[in-house]
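Structural characterization, general
Residue-level listing of the chains:
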Amino acid sequence: MTSMAPVQRLRLLRELERKVLWLSAWTIHHANHVRPNRDGLKVGGHQASCASLATVMTALYFAVLKPEDRVAVKPHASPVFHAIQYLFGHQTQDKLERFRGLGGAQSYPSRTKDVDDVDFSTGSVGLGVAMTLFSSIVQDYVRLKKLAPAERRPGRMVALVGDAELDEGNVFEALLEGWKHDVRNLWWVIDYNRQSLDGVVNDRLFGRIGEMFELVGWRVVTLKYGKLLETAFAQPDGEQLRQWIDACPNSLYSALVFKGGAGWREALTRDLNQYPGIRRILEQHDDQALHRLMTNLAGHDMQAVLDAFESIDDDRPTCFIAYTIKGQGLPFAGHKDNHSGLMTLDQMAGFKKGMDIEDGQEWQKFAGLSATPTELEAFIAEAPFNAEGRRRTEAPAVAIPPALPKPNDRKASTQEGFGKILNAIAAEDSELARRIVTTSPDVSVSTNLGAWINRRGLFGHTEAEDVFRELKVVSAQLWRKTPRGQHVELGIAENNLFIQLAALGLSHELFDTRLLPIGTLYDPFIARGLDALNYACYQDARFMIVATPSGVTLAPEGGAHQSIHTPLIGIGQPGLLSYEPAFVDELAVLMRFGLEHMQQPKGSSIYLRLSTRSLPQPERTLSAERQADIVSGGYWYAEPGSDADVAIVALGAVTPEAIAAHESIARDFAGTGLLVLTSPDRLHGDWLSAQRQRGRTVGIVDRQPSPIEGLLAPLSRDARLVTVLDGHPLALSWLGSVRGQRVVPLGIESFGQSGDIPDLYRAYRLDSAGIIDAVARAIA
Ligand SMILES: Cc1ncc(C[n+]2csc(CCOP(=O)(O)OP(=O)(O)O)c2C)c(N)n1
Ligand SMILES: [Mg+2]
């Protein structure tokens, strides 16, 4: 590669750029116009958004990127990415033909669904961009601790960003956090086509974007004019032309791009005819040449793009603002409505002719190019990006001891229990302790991570002393930052938390190092970062979230902080297994299980919904069997009699009320049982999958009950269930469908207010009187 003459390289890259543009447009066209359509729904795809990045992506993948770099591609440039991987031989024609179809190349690049080595999934705009930033923190975290294999070179985390993505607040939340963490090796390439979905991007807004990046310490490289325009500017009166384009509003420029040569001529004649130099330029260019000149933006000028990327040789974060044209080279270039625009059959025929592609050659890798296939194949084979084959790593799992240390307090909240378990792990010199990394959005201390942080320290690039400690001001909390620290402290931004967890939770596949990330936050604010949490799960990142306080049990803090529907999020979110233990011994079992489950190929992330309410702890030793029940979702705290009319089912912090209600009811109705659940999510999932399994094996004896069927089996079908949790009642009311039993579900259905627990539980009918009342209704 290095031996190749620059002119030769430029020529081949331009050829590949043509091919990438063609293949991306054809892939979309094929899906919409060639493949049979069975449901009449538009298939879609974004030919204009692809065209806008064809030059930049060709330059990056075929010349600039190295194997250690990791890339988030703007969602709508997915076909460009797949086209490039097709040329590399990592994507198949079959999957391109099935683009946006079942099993085909995905609409937006997907780590989990695509086969061609996607580094970061994208789709929800803004999140992929931030993902590169938090990944750069992870890269430094593992590098500075020497956790990664020694031969690993630091790579650049690259985001290809649509300009409208910069309207998403999460991008700026991430930028600020990145500045605090002194991020390195980060490249954001902004596809500045000045268009979004609905129209043209606001001129005034973007004037500020470069300054924002500079404000947080980034280098800004603007790729504005290509070599043709630069040459024109250097001619007599050329400066007038530059000023005219500089001042041209985004919407006018876009409209003229769409109108073409005659449009440019009219506008320039109107505004600049008094300059002889400009008149000469207009005379020297026919309409087609004038259009080529006026649209010669640097983001479509291969040499300018290469120069910009190759001028960077340090690790300072860099933002490239690449001026581009949405739909460049396509018939609807520049039109404000082109976002979802698809070429018509006629337009495609013209485009194909222009690309010198014959019928039947559409998928051929080198048809219509002037360089020979041998030349191109050799060039592609030598692309540095590809030098090491598959890029995804597979770090081995960290062994989890058979039991975690369990605190023995008589009374404790699950939140305290969590803090103590982590503290005890922190005190050990173990592989487990070394691999755990915690993170929290400014709620570390209030979610009980304090003791862990005191022992394991805060993570920072450089050593920074705790000023309070140096000045001998007494504080329970040590706040010293070092590269050895194992807590990544974030500002208050739950979006950032979840994207940081996504990046930490992919370390084994991105950076060849297994980490065990644990993030803490307030349960209600899961909703604040919910899209980012979904994004993390969609990428199959593995982490544990620990959320406290939860429900109305946080009591005096009131309605604004009460989490009502998070148990439903726990059930509904794929890739996230949720638990809500009542007692600390259960929590110890579940944390152990979770740390292991997070590392299983078919595992998932874990969500622990905990509480700040201090509960009397049962004096018991959990048998292996009981531990297995806790993991599979629940156990009979008091076994039911076979003739019982009713059973109480309790989850989480309200369990003492259920126990009290049960004691009082059992005096009159001896067989009443009390079922304590730890995970409606797990029970529900296993119940559904057992049913599906049976559906598949009709005739074959497979009556293996799922855990919830097994738990409910001792009850008669007529027995009633009273369910209770500090959350939406729907989380447990499905239990009635398991065996066709009637359910009286208790829980929270409306916004609350502040109060103490006795008042609030009474107001919501979660106290023992409320439960007894529900039992009476159930039996009546
Ligand atoms: C969070 C989110 N909201 C809305 C959308 C729908 N959407 C997809 S692309 C887009 C505009 C993208 O414009 P830009 O980033 O400038 O990309 P371009 O196509 O111009 O390259 C919108 C609103 C989305 N994908 N994600
Ligand atoms: Mg745009």
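Preceding this section is the structure that the text describes.
These notes cover the structure that comes with them. (Residues numbered from 1 in each chain as written. Chains lettered and ligands numbered in written order. Predicted model: local features only at pLDDT ≥ 70, side-chain atom pairs only at ≥ 80, totals over all residues. Heavy atoms only, no water.)

1. Observations regarding the overall build of the chain
Along its length, the chain carries 33 helices and 20 strands. The C-alpha radius of gyration computed for the chain amounts to 30 Å, which stays within 12% of the reference 28 Å derived for 780 residues, consistent with globular compactness. Dimensions of the chain along its principal axes, counting C-alpha atoms only, are 105 × 75 × 50 Å. Within the chain, residue pairs in contact and separated by at least 24 positions form 77% of the contacts whose partners lie at least 6 positions apart. Accessible surface, the chain: about 31200 Å² in total, of which carbon and sulfur atoms supply 51%. The centroid of the 81 positive side-chain charges in the chain is displaced by 1 Å from the centroid of its 93 negative side-chain charges. (Helix = DSSP H or I, 4+ residues; strand = E, 2+ residues; numbered from the N terminus. Rg over C-alpha atoms; globule rule 2.2 N^0.38 Å. Contact = heavy atoms within 4.5 Å. Areas by Shrake-Rupley, 256 points an atom, 1.4 Å probe, with all protein chains shown as cover. Lys, Arg positive; Asp, Glu negative; His and termini not counted. Charge placed at Lys NZ, Arg CZ, Asp CG, Glu CD.)

2. Observations regarding helix α13 (residues 287–294)
The complete set of buried residues in α13 reads Leu290, Leu293 and Met294. The arc that holds the buried residues of α13, viewed along the axis, is 90°, so those residues lie on one side. What points out from α13, more than 90 degrees from its buried face, is the exposed set Gln288 and Arg292. Each element contacted by the buried residues of α13 is listed here: α8 (227–233), α9 (238–247), α10 (250–259), α11 (261–272) and α12 (276–284). (Buried < 20%, exposed > 50% of the residue type's maximum accessible area, 1.4 Å probe, protein only. Arc of directions from axis to C-beta.)

3. Concerning the nonpolar core
One finds Trp188, Ile190, Phe213, Leu241 and Trp244 to be the most contacted residues of the largest nonpolar core, which totals 89 residues. It is helix α5 (residues 127–144) that provides the largest number of residues to this core, a total of ten residues. In this structure, Phe62, Leu96, Ala105 and Leu369 belong to the second largest nonpolar core, which totals 72 residues. (Core = buried A, V, L, I, M, F, W, Y, C linked by side-chain atoms within 4.5 Å.)

4. Here we look at empty space enclosed by the protein
This model, assessed by the stated rule, comprises five cavities of 30 Å³ or more. Considering only enclosed or pocket space, the largest cavity measures out at about 80 Å³ in volume. Elements supplying a minimum of two residues to the lining of the largest cavity: α24 (566–572), β13 (576–579) and β14 (605–609). In terms of residue count, the dominant contributor to the lining of the largest cavity is α24 (four residues). Residue composition of the lining of the largest cavity, by class: six nonpolar, four polar and two charged. In this structure, the second largest cavity is lined by 14 residues; those nearest its centre are Pro75, Thr122, Gly128, Val129 and Glu165. (1 Å grid on protein atoms, 1.4 Å probe; cavity = no way out; pocket = protein on both sides within 12 Å on 5 of 7 lines; lining within 4 Å. Points joined across faces, edges and corners; volume = space filled by probe spheres on them. Nonpolar A, V, L, I, M, F, W, Y, C, P; charged D, E, K, R; others polar.)

5. Comments concerning the site of ligand 1
Around ligand 1, the surrounding shell holds 18 residues, and the nearest of these are Ser49, Lys74, His76, Asp163 and Gln195. A distance of 3.0 Å separates a nitrogen atom of ligand 1 from a polar atom in the backbone of Gly123. Here ligand 1 has 590 Å² of accessible area as a free molecule, and 76% of this is covered by the chains. In the shell around ligand 1, the residues fall into three nonpolar, nine polar and six charged. (Near = heavy atom within 4 Å. Polar contact = N/O pair within 3.5 Å; in protein donor to acceptor, adjacent residues only side chain to side chain.)

6. What to know about α11
In an α-helix, one turn spans 3.6 residues, which is why side chains three or four residues apart end up on the same side. In this model α11 runs 16 Å from its N-terminal to its C-terminal C-alpha over twelve residues, within 8% of the 16 Å that 1.5 Å per residue would give. Elements that come into contact with the buried residues of α11 comprise α9, α10, α12 and α13. (Expected span 1.5 Å × (residues − 1).)

7. Here's the deal with the sheet that holds strand β16 (residues 634–638)
Spatially, five strands are ordered β16-β18-β17-β19-β20 in an open sheet, and the strand pairing comes out mixed. Edge positions in the sheet fall to β16 and β20 (743–746), since each has one partner strand and no second. Strand-to-strand, the axes of this sheet are offset by a mean angle of 20°, without reference to chain direction. (Pairing = 2+ DSSP bridges. Axes fitted to C-alpha atoms, helices over the stretch in contact; angles between N-to-C directions.)

8. Section: the sheet that holds strand β3 (residues 186–192)
The strand order across the open sheet formed by five strands is β1-β2-β3-β5-β4, and the pairing between neighbours is parallel. One side of each edge strand has no neighbouring strand; the edge strands of this open sheet are β1 (70–73) and β4 (219–223). The sheet shows a mean angle of 15° between the axes of neighbouring strands, direction not considered. Strand direction decides the pairing type here: β4 and strand β5 (residues 318–323), joined by five bridges, are parallel.

9. So, the pairing of strand β19 (residues 720–724)
In regular strands, side chains alternate between the two faces of the sheet. In terms of burial, β19 is largely enclosed, as four of its five residues are buried. One ladder, built from five bridges, connects strand β17 (residues 646–651) with β19; its direction is parallel. Its bridge partner being in β19, Val649 is matched across the sheet by Thr723. Where β19 lies against β20, four bridges are found, and the strand directions are parallel. In the strand pairing of β20, Leu721 is matched with Val743.

10. What about the packing of α5 against helix α21 (residues 494–504)?
The interhelical angle for the contact between α5 and α21, taken along N-to-C directions, is 60°, at an axis separation of 8 Å. Of the possible angle classes, the one that applies to α5 and α21 is oblique. Like other packed secondary-structure pairs, α5 and α21 cross with a definite hand, here right-handed. Contact with α5, carried on its side by Leu127, Ala130, Met131, Phe134, Ser135, Ile137 and Val138, involves Asn495, Asn496, Ile499, Gln500, Ala502, Ala503 and Leu504 of α21 and no other residues of that element. Among the residues forming the contact of α5 with α21, the class breakdown is ten nonpolar, four polar and no charged. (Parallel < 35°, antiparallel > 145°, perpendicular 65-115°, else oblique. Left-handed = near helix turned anticlockwise from the far one by under 90°.)

11. Observations regarding the pattern of salt bridges
One pass over the structure, following the stated rule, counts 43 salt bridges. Ionic pairing is found between Lys224 and Asp246, a salt bridge with its closest N-O pair at 2.7 Å. Residue Lys224 is located in the loop between β4 and α8, and its partner Asp246 is located in helix α9; the two are separated by 22 residues in the primary sequence. For Lys224, a relative accessible area of 23% gives the class partly exposed. Looking at Asp246, the relative accessible area reads 40%, which means it is partly exposed. (Salt bridge = Lys/Arg side-chain N within 4 Å of Asp/Glu carboxyl O.)

12. Remarks on the pairing of strand β7 (residues 436–441)
In terms of burial, β7 is a largely internal element, six of the six residues being buried. Here β7 shows a buried face lined by Ile436, Thr438 and Ser440 and a second buried face lined by Val437, Thr439 and Pro441. Summarising the sheet, β7 and strand β11 (residues 516–521) pair through four bridges and their orientation is parallel. Following the sheet pairing, Thr439 is matched in β11 by Gly519.

13. Notes on the packing of helix α1 (residues 6–34) against helix α2 (residues 47–64)
Here α1 crosses α2 at 140°, and the two axes come no closer than 9 Å. Comparing the axis directions of α1 and α2 gives the class oblique. The two elements α1 and α2 meet at a crossing, and its hand is right-handed. Taking contact as the criterion, the partners of Arg9, Leu13, Leu16, Glu17, Val20, Leu21, Ser24, Ala25, Ile28 and His29 in α1 are, on α2, Gln47, Cys50, Ala51, Ala54, Thr55, Thr58, Phe62 and Ala63. Here the contact of α1 with α2 is composed, by residue class, of eleven nonpolar, five polar and two charged.

14. With respect to the layout of surface pockets
Reported here for the largest pocket is a volume of approximately 960 Å³. In terms of lining residues, the largest pocket is bounded by 30 residues, among which Glu17, Arg292, His300, Gln328 and Gly329 are the most central. Of all elements in the fold, only α1, α2, α8, α10, α13 and α15 (345–354) reach the threshold of two or more residues within the lining of the largest pocket. The greatest single-element share of the lining of the largest pocket, amounting to six residues, is contributed by α1. Along the lines of polarity and charge, the residues of the lining of the largest pocket split into twelve nonpolar, ten polar and eight charged.

15. Some remarks on a nonpolar patch on the surface
On the surface, Val467, Phe468, Leu471 and Val473 cluster together into a nonpolar patch covering about 400 Å² of accessible area. Its location among the elements puts Phe468 in helix α20 (residues 467–470). (Patch = residues over 30% accessible without salt bridge, like charges linked within 9 Å, V, L, I, M, F, W, Y side chains within 5 Å.)

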